[in-house]
Amino acid sequence: MTRAVWVLRATVVPLALIGLTALAGVVLGRVYAGDLLTWLVIGAAAGSVLVSVAIRRLPSWLVAPVSVAAMAGWTLWSLRLAATHAELPGGLLEVTADAARNGIPRLLTAMIPVEPTPDTVLVPVVAAWLAGLAGAEVALRAGRVLLGYLPAAGLYAAALYVVGPNAEPAVGATLAFVAVAAVGLATPTSAAPASGDPTANLAPGVRAAVRLRLAGTAALGVVLVVGLVALLGPVVADQVDGRPVDPRRYVEPPQVQTLDENPLIRISGWALHPEQKLLDVSTERSDAPTGGSSPNAGGTEPDGGSDDGTDGPGQANDAGGSVRIRLAVLSDYDGVTWRVGATYRNAGRILPATAPARDSTVETVQQEITVAELTGRLLPAVATPREVSGARVAYDPATGTLIRPEGLTPGLRYTVTSARERPDNNLLASANVPAGDEVARVLRVADGVPDPMRRLAAQLAEENGAPFARASAIEQFLAEHYRVVTDAPSGHAYPNLGFFLFGPRSGGGQEGTSEQFAAAFAVLGRLSGLPTRVVVGFRAGQGPVLAGDAYAWPEVLFDGLGWVSFDPLPRPNDEPRPVEEDFRPTPEDPPPSEAPQPTAEPTASPEPVAAADGPPGGGGVSTPVLVAGGSGGLLLLVGALLLTLVAMRRSLTRARLVRGDPGQRIIGAWREVTDALRLAGRLVGDDLAATEVAGQARQALLDARIKRSGGRPGDPDAAASGDHREVPGGVALVPGGTGQAPGGVGVDDLAALLNQVAFAPGTATAAQADRAGAVATTYVEGLRAARPWWRRLLWSIHPGPLRRR
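Residues numbered from 1 in each chain as written. Predicted model: local features only at pLDDT ≥ 70, side-chain atom pairs only at ≥ 80, totals over all residues. Heavy atoms only, no water.

Visitor: How should the overall build of the protein chain be read in this particular structure?
Guide: Of regular secondary structure, the protein chain possesses 24 helices and 18 strands. Per-residue burial for the protein chain yields a buried fraction of 45% across its 805 residues. Of the contacts made within the protein chain by residues no fewer than 6 positions apart, 77% connect residues no fewer than 24 positions apart. Carbon and sulfur atoms make up 60% of the accessible area of the protein chain, which amounts to about 38,800 Å² in all. (Helix = DSSP H or I, 4+ residues; strand = E, 2+ residues; numbered from the N terminus. Buried < 20%, exposed > 50% of the residue type's maximum accessible area, 1.4 Å probe, protein only. Contact = heavy atoms within 4.5 Å. Areas by Shrake-Rupley, 256 points an atom, 1.4 Å probe, with all protein chains shown as cover.)

Pasting the structure below:
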């Protein structure tokens, strides 16, 4: 019997540990492309447990080094496999170092579905191996099976948290997790005595006392479990249909540089140096486009992209069969600057595909692009990219544009395959434009529009009712009345556009670069009720792309057709007509303040769909097993929740004190101080100045330390005595509790640095940001150390700072 029990335990418990750890990979793999990540995690789970089983006779101190060595081998093989699968360049050492540096942030900023690349598989594989190692040692060597489940349960909870709302609820995987855990717990850990009663050999009096104590303990445990279930059951049930928190909102995705936020202003600079070589491009097109209708009537072939920017009828053939490469899409305009405003997510080689517009023609375009003197992070590509190799990219699906988070470097070579889409011109004339909250961003007109510009938009809209007719009228008006020059100054604010449209031709008005043409079209279009945006890119075919090939063009959004591009530039050798011939500067009848804009009926928000009822529980499971499983699972969930809160709080502190420019770090240090005051029960009103909050901070620390020493807060004698005790970290607090950090900078000086950031942006230095972080850290540690022990425990897991903006 003993041999059979040993064999059962040696087989079932390791298999249960492998299953529990592997289920975390199954859950996490739901947000990955393909099943490579799932198999790598299963391999890590099996390897870690089997290594522990194989060397169980060795001393316990030898297990960890041997298992870690095996983990290193499995991890390196996994990284190489992922790099080969993603076709990433570079050697194994380079790939491994990059994955180790950026594994966690890239995992939390990657686009869904996540491509299994070295930096997105490293953390799950290592975490699965360590969870299997810890669980096997505790469950097999120490014989504590339930405690050995804790690492696997923590890994499973972490996988659910990382997935968040980006996949369907993992009901099946969770039921499988509980079932596997129950099987492992049901396995006997030792042979029972032949009599079946462990108290049989005890004296009658002792046996009765032991049985009474066991019965009392069991009854108390049942009462506690039932009470916890009754107390927490409704709360948990209310959260079943709730939307999980997405951890990606706590991590800042890749950002564009200031240079790339508004590349429209670079047009004039490139126009002054037209021979500057920016790119080398080699283009291959598919033999026959796929789609529903002929490209264009009238013999024109527009160049462009997809429903993120389809080709429009106003685009003439480019010489030599060239295509337009997009650099950036600018959707936000505040009356001064057009901005990108995109949200980029780290992406793999294969990018998310979107369905083409109805009756559109789709052509596959593949380009090999080599960067020469183009700078910034924006990565040029024909719209809309579907596959990128040779460079790590981040992608914005809303605009179909790419960036390289590390920035462009001379000699960078990458290949991009795009789906170039062209609409059916026959549908444009009758197409409508969308309206409502979904397109409010591209319909927004900033305050301060010059009155002549409003009148011009009203006149063009009044004479053309259909949306496409309005867009064509604006395009034709700009092409017939204005001249393209290369030496026009940069600028597209309202005053610049007003001078471009209505300024005297003898004084430099009515002429500009494509910057002014595209910006003027977009603003006039929005004033006419058209959703518009501006695109910056290049004309490219085979060979070098020069600065003179850069230009900007506008796009209009049509229902069912997507974004359609227009070309308001005048045709070569066309002499512009005077604006006064077709525009009435002072009309006899005052025009309406704004052209009528299309309205959309409000649509009702979709009702939340109730979760389907789960399958009925199977019979045959005893109540003690259910109670034990429920209580153990509850304890595991509570422990995982507390660990998650601690990790999120620490991540928030690091993000505030380390990331960003010096001004952002100083602001983050100030937020650490104000959060500490709130955790200490002090209200920090929004109407208080920084110096007033600093005074409250000093007083809060002093009161807390006086109260801890047995005095009464506010007692002048206690305050005068001061307190010279050391705070954690070895930094002394001076009498009065100002909480000075090395260098003599206290909370008052932190308030001064905050005022400097607010009233003199850009003047803060890295040294000042470091001192601000030291002040905040010292103050928070001092205030926390002065709290009672139970409040210090709650301090690290309080979710308040995570909820505040």
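Visitor: Explain the environment of T513 to me, please; I cannot follow it from the model alone.
Guide: With respect to the element layout, T513 can be found in the loop between β14 (511-512) and α16 (514-527). In this structure, the C-alpha to C-alpha distance between T513 and V485, residues 28 residues apart in sequence, is 5.7 Å.

Visitor: It is not clear to me how empty space enclosed by the protein should be interpreted in this structure. Could you clarify?
Guide: To find leftover empty space, one rolls a probe the size of a water molecule over the atoms. Taken as a whole and judged by the stated rule, the model has three cavities of 30 Å³ or more. Volume-wise, the largest cavity comes out at about 200 Å³. Lining the largest cavity are 22 residues, with T117, A347, G348, R349 and R392 sitting closest to its centre. Of all the elements in the fold, those that place two or more residues in the lining of the largest cavity are α5 (118-141), β6 (345-347) and β9 (385-389). When grouped by side-chain class, the residues that make up the lining of the largest cavity number 11 nonpolar, six polar and five charged. Reported here for the second largest cavity is a volume of approximately 40 Å³. If you go around the second largest cavity, the residues you meet are R326, L327, L379, A381, G400, T401 and L402. (1 Å grid on protein atoms, 1.4 Å probe; cavity = no way out; pocket = protein on both sides within 12 Å on 5 of 7 lines; lining within 4 Å. Points joined across faces, edges and corners; volume = space filled by probe spheres on them. Nonpolar A, V, L, I, M, F, W, Y, C, P; charged D, E, K, R; others polar.)

Visitor: For this particular structure, what's the right way to read the packing of α5 against helix α6 (residues 145-163)?
Guide: The interhelical angle for the contact between α5 and α6, taken along N-to-C directions, is 170 degrees, at an axis separation of 7 Å. Between α5 and α6, the angle falls in the class roughly antiparallel. Across the interface between the two elements, A127, A128, A131, A134, G135, V138 and A139 of α5 pack against V145, L147, G148, P151, A152 and L155 of α6. Broken down by class, the residue content of the contact of α5 with α6 amounts to 11 nonpolar, two polar and no charged. (Axes fitted to C-alpha atoms, helices over the stretch in contact; angles between N-to-C directions. Parallel < 35°, antiparallel > 145°, perpendicular 65-115°, else oblique.)

Visitor: Is there a simple way to think about helix α14 (residues 467-481) in this case?
Guide: Since the α-helix turns once every 3.6 residues, residues separated by three or four places project in the same direction. The end-to-end C-alpha distance of α14 is 21 Å, a good match for the 21 Å that 15 residues give at a rise of 1.5 Å each. In terms of residue burial, α14 counts as a mostly covered element, since 11 of its 15 residues are buried. Among all positions of α14, only P467, F468, R470, A471, A473, I474, E475, F477, L478, A479 and H481 are buried. Contacts from the buried residues of α14 go to α11 (425-428), α13 (451-463), α15 (494-502), α16 and β17 (550-558). (Expected span 1.5 Å × (residues − 1).)

Visitor: What is the right way to read the packing of aromatic side chains from this model?
Guide: The description of an aromatic ring pair rests on the distance of the ring centres and on the angle between the ring planes. All told, the structure shown has 13 aromatic pairs when counted by the stated rule. Summarising the aromatic geometry, the rings of Y333 and Y494 are spaced 5.6 Å apart at their centres and angled 85 degrees between planes, so their arrangement reads as edge-to-face. Note that Y333 is positioned in strand β4 (residues 332-333) and Y494 in helix α15, a separation of 161 residues in sequence. Accessibility classification places Y333 together with Y494 in one group, the buried group. Ring pairing ties together the aromatic residues F468, F521, F558 and F566, which thus form one cluster. Across the ring face of W553, the terminal group of R324 is positioned such that the distance to the ring centre comes to 4.2 Å. (Phe/Tyr/Trp six-rings, centres within 6.5 Å; stacked < 30°, edge-to-face > 60°. Lys NZ or Arg CZ within 6 Å of the ring centre and 35° of its normal.)

Visitor: I tried to follow the sheet that holds strand β10 (residues 393-396) on my own but got confused; where do I start?
Guide: Note: strands within a sheet are paired through backbone hydrogen bonds, in either parallel or antiparallel orientation. Within the open sheet, the four strands sit side by side as β6-β10-β11-β8. Their pairing is antiparallel. Of all strands in the sheet, those with a lone pairing partner are β6 and β8 (378-379), marking the two edges. Where β6 and β10 come together, three bridges link them in antiparallel fashion. The residue of β10 that forms the bridge with A347 is V393. (Pairing = 2+ DSSP bridges.)

Visitor: Would you mind going over the sheet that holds β17 with me for this structure?
Guide: Read across the open sheet, the four strands follow the order β3-β15-β17-β18; overall the sheet is antiparallel. The outermost strands of the open sheet, each flanked by one partner alone, are β3 (323-330) and β18 (562-565). With direction set aside, neighbouring strand axes in the sheet form an average angle of 40 degrees.

Visitor: When you look at the pairing of strand β7 (residues 361-371) in this model, what are you seeing that I'm missing?
Guide: Each regular strand shows side chains that alternate between the opposite faces of the sheet. A large share of β7 lies buried, amounting to eight of its 11 residues. Taken together, the 10 bridges between β7 and strand β12 (residues 413-422) define a ladder with antiparallel strand orientation. By the bridge assignment, T361 is partnered in β12 with R422.

Visitor: Before we go on, may I ask you to explain α6 in this structure?
Guide: Counted at 1.5 Å a residue, the expected span for α6 with its 19 residues is 27 Å, and the 28 Å between its end C-alpha atoms agrees. At P151, α6 shows its maximal bend, which comes to roughly 30 degrees. Here α6 has its buried residues at V145, G148, Y149, A152, A153, L155, Y156, A159, V162 and V163. Two residues or fewer after α6 comes G164, characterised by a positive phi angle close to 60 degrees. (Bend = angle between axes of the 7 residues up to and from the residue.)

Visitor: Is there a simple way to explain the side chain of R106 in this structure?
Guide: Of note, R106 is situated in helix α4 (residues 92-109). Those residues in contact with R106 that sit more than four places away from it in its chain are D98, D119, T120, N346, R392 and E406.

Visitor: Sorry if this is basic, but what is going on with unusual backbone geometry here?
Guide: Outside of glycine, negative phi angles account for most residues, and trans bonds account for most peptide bonds. For the bond running from I112 to P113, omega is 0 degrees, close enough to zero to count as cis. With respect to the element layout, P113 can be found in the loop between α4 and α5. Each neighbour pair has its own omega, and for A383 with T384 the value is -5 degrees, a cis peptide bond. Positionally, T384 belongs in the loop between β8 and β9. The phi dihedral of Q510 is positive, around 60 degrees, even though this residue is not glycine.

Visitor: Help me out: how do you make sense of the pairing of strand β1 (residues 277-285) in this one?
Guide: By the bridge criterion, four bridges tie β1 to strand β16 (residues 543-546) in an arrangement that is antiparallel. By the bridge assignment, K277 is partnered in β16 with L546.

Visitor: Explain the pattern of salt bridges to me, please; I cannot follow it from the model alone.
Guide: Should their charged atoms come close, side chains of opposite charge can pair. As enumerated under the stated definition, the model contains 26 salt bridges in all. Residues R392 and E406 are paired through a salt bridge, measuring 4.0 Å at the closest nitrogen-oxygen approach. Remark: E406 occurs in the loop between β11 (401-403) and β12 and R392 occurs in the loop between β9 and β10; sequence separation between them is 14 residues. Under the relative-accessibility criterion, E406 is labelled partly exposed at 41%. A salt bridge links D770 to R665, with the nearest nitrogen and oxygen atoms 2.3 Å apart. Here the residue D770 occupies a position in helix α22 (residues 766-785), and R665 occupies one in helix α18 (residues 662-679), the gap between them amounting to 105 residues. Since its relative accessible area comes to 13%, R665 is described here as buried. One network of salt bridges, in which partners are shared, links D98, R101, R106, D119, R392 and E406. (Salt bridge = Lys/Arg side-chain N within 4 Å of Asp/Glu carboxyl O.)

Visitor: It is not clear to me how the confidence of the model for the protein chain should be interpreted in this structure. Could you clarify?
Guide: Detailed reading of the predicted coordinates is not advisable wherever pLDDT is low. Per-residue confidence for the protein chain averages 80 on the pLDDT scale, and 80% of its residues sit at or above 70. Scored below 50 in pLDDT, residues 292-308 shows 72 contacts in the model against residues more than four places distant or in partner chains. Taken as a whole, residues 718-745 scores under 50 in pLDDT and shows 55 contacts with residues more than four places along the chain or in a different chain. (pLDDT = per-residue confidence, 0-100.)

Visitor: Got a minute to help me understand the packing of helix α19 (residues 690-708) against helix α21 (residues 747-759) in this structure?
Guide: Any two packed helices are characterised by the angle at which their axes cross and by the distance between the axes. Closest axis-to-axis distance for the α19/α21 pair is 9 Å, and the angle between their directions is 160 degrees. One element, α19, and the other, α21, form an angle in the roughly antiparallel class. For α19 against α21, the interelement crossing comes out right-handed. Along its contact with α19, which presents A690, T691, A694 and R698, the element α21 presents V747, D748, A751, L754 and N755. Each residue belonging to the contact of α19 with α21 can be placed in one class, and the counts come to five nonpolar, two polar and two charged. (Left-handed = near helix turned anticlockwise from the far one by under 90°.)

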